[in-house]
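# Secondary and tertiary structure notes
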Amino acid sequence: MGKYVIWFSDPACCSVQDAGGKGASLASMTQQNLPVPGGFAVPAHALAECVDSDLLRSFAQAKDHESAVKLITQTAEVPQEVLDAYAELGGGLVAVRSSASAEDSEAASYAGQQETYLEVSGAEDVRKRIIDCWASFFSERAIFYRSEKGSLDDLSMAVVVQKMVDAEKAGVAFSNHPVTRRKDRMMIEAVYGLGEQVVDGSVTPDQYIVDRKGREKKSQTPHGGVLKAEELTRISELAVQLEDHYGKPQDIEWAIFQNDVFLLQSRPITA
């Protein structure tokens, strides 16, 4: 493994401490031969080595989010090794996602606390978005959340760079019903296009309640029925595989391109 790049196929990428919650999950799924778009993590130690870490930590401890963000955006350097890895990935469109080491655990979900950037293209934009991900770890909201749930000494922010899926349909799936907690029911939500609309709540998705085999039991379809029966079955199969793999109910992000379902994230269902 390089100092500043860990590929999803590398067993080292399964370490939450190194690749963050998101990166470790993607690596674990990749190594289970599940359908995950290719990519790599910029490990959690990189931020502290690419900026004045003592000064950054002092700003965080003082809850001075403005100075912390300014320090990162104005002085942080992304290593050339990272940009070379983007080229090795094939260039083109990628997603650049924050991956905090403390996120996506059962104790605390950091979903939405840091940034995700979609359809990033070109080495310069990748460089900028990695810095933006690092900076988002020190936003006012993120520092407040970490002061309540984590540690303000924490500078461990990995970043995931992953090939974009040109999603025709996308959404989330819960391997147990997230409201009723019924283990014999799953909830699948879907929209046309990119699934960020579901994750950020900006669009009301089609919602399907299905059994463990993906057979529809109930649905609300404001978009007229985004998913076909065979797509519900495939997403449900993957949800069961992920629940079995991780040993607990999962909150899954997925996308469909040319009839193939791809997995973009999996984390434990949290309250």
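Residues numbered from 1 in each chain as written. Predicted model: local features only at pLDDT ≥ 70, side-chain atom pairs only at ≥ 80, totals over all residues. Heavy atoms only, no water.

Helix and strand counts for the protein come out as nine helices and 11 strands. For the protein, the C-alpha radius of gyration of 19 Å lies close to 18 Å, the compact-globule estimate for 271 residues. By principal-axis analysis of the C-alpha atoms, the protein measures approximately 55 × 40 × 30 Å. Counting the 271 residues in the protein, one finds 51% classified as buried. Considering only intrachain contacts with a sequence separation of at least 6, the fraction spanning at least 24 residues in the protein is 65%. For the protein, the accessible surface area stands at approximately 12000 Å², while carbon and sulfur atoms represent 46% of it. (Helix = DSSP H or I, 4+ residues; strand = E, 2+ residues; numbered from the N terminus. Rg over C-alpha atoms; globule rule 2.2 N^0.38 Å. Buried < 20%, exposed > 50% of the residue type's maximum accessible area, 1.4 Å probe, protein only. Contact = heavy atoms within 4.5 Å. Areas by Shrake-Rupley, 256 points an atom, 1.4 Å probe, with all protein chains shown as cover.)

Turning our attention to the environment of Val 240. Its place among the elements puts Val 240 in helix H9 (residues 229-246). For Val 240 and Gln 250, which are 10 residues apart along the polypeptide, the C-alpha to C-alpha distance reads 8.8 Å.

Moving on: the sheet that holds strand E7 (residues 186-192). The six strands lie next to each other as E9-E8-E7-E6-E10-E11, forming an open sheet whose pairing is antiparallel. Of all the strands in the sheet, just strand E9 (216-220) and strand E11 (260-268) have a single pairing partner and so form its edges. Neighbouring strand axes in the sheet, compared pairwise and without regard to direction, differ in orientation by 20° on average. Sheet topology note: the strand E10 (residues 250-257)/E11 ladder contains eight bridges and is antiparallel. Paired with Gln 250 across the two strands is Pro 268, which belongs to E11. (Pairing = 2+ DSSP bridges. Axes fitted to C-alpha atoms, helices over the stretch in contact; angles between N-to-C directions.)

On to the pattern of salt bridges. Under the counting rule described, the total for this entry stands at 11 salt bridges. Here Arg 127 makes a salt bridge to Glu 124, at a shortest N to O gap of 2.7 Å. Of this pair, Arg 127 and Glu 124 both sit in helix H6 (residues 123-136), three residues apart, roughly one helical turn. A single network of salt bridges, built from pairs that share partners, joins Arg 182, Asp 184 and Arg 185. (Salt bridge = Lys/Arg side-chain N within 4 Å of Asp/Glu carboxyl O.)

Take helix H3 (residues 53-61) next. Three or more residues of H3 are buried, namely Ser 53, Leu 56, Phe 59 and Ala 60. The arc that holds every buried residue of H3, seen down its axis, measures 125°, which confines them to one face. Looking at the buried side of H3, the elements it contacts are helix H2 (46-49), helix H4 (65-75) and helix H7 (140-149). Within two residues after H3, Lys 63 carries a phi angle of roughly 55°, on the positive side. (Arc of directions from axis to C-beta.)

With that out of the way, let us pick up H9. Here H9 spans 26 Å end to end across 18 residues, near enough to the 26 Å set by a 1.5 Å rise per residue. Within H9, burial applies to Glu 231, Leu 232, Ile 235, Ser 236, Leu 238, Ala 239, Val 240, Leu 242 and Glu 243. A positive backbone phi angle near 75° is found at Gly 247, which sits one or two residues after H9. (Expected span 1.5 Å × (residues − 1).)

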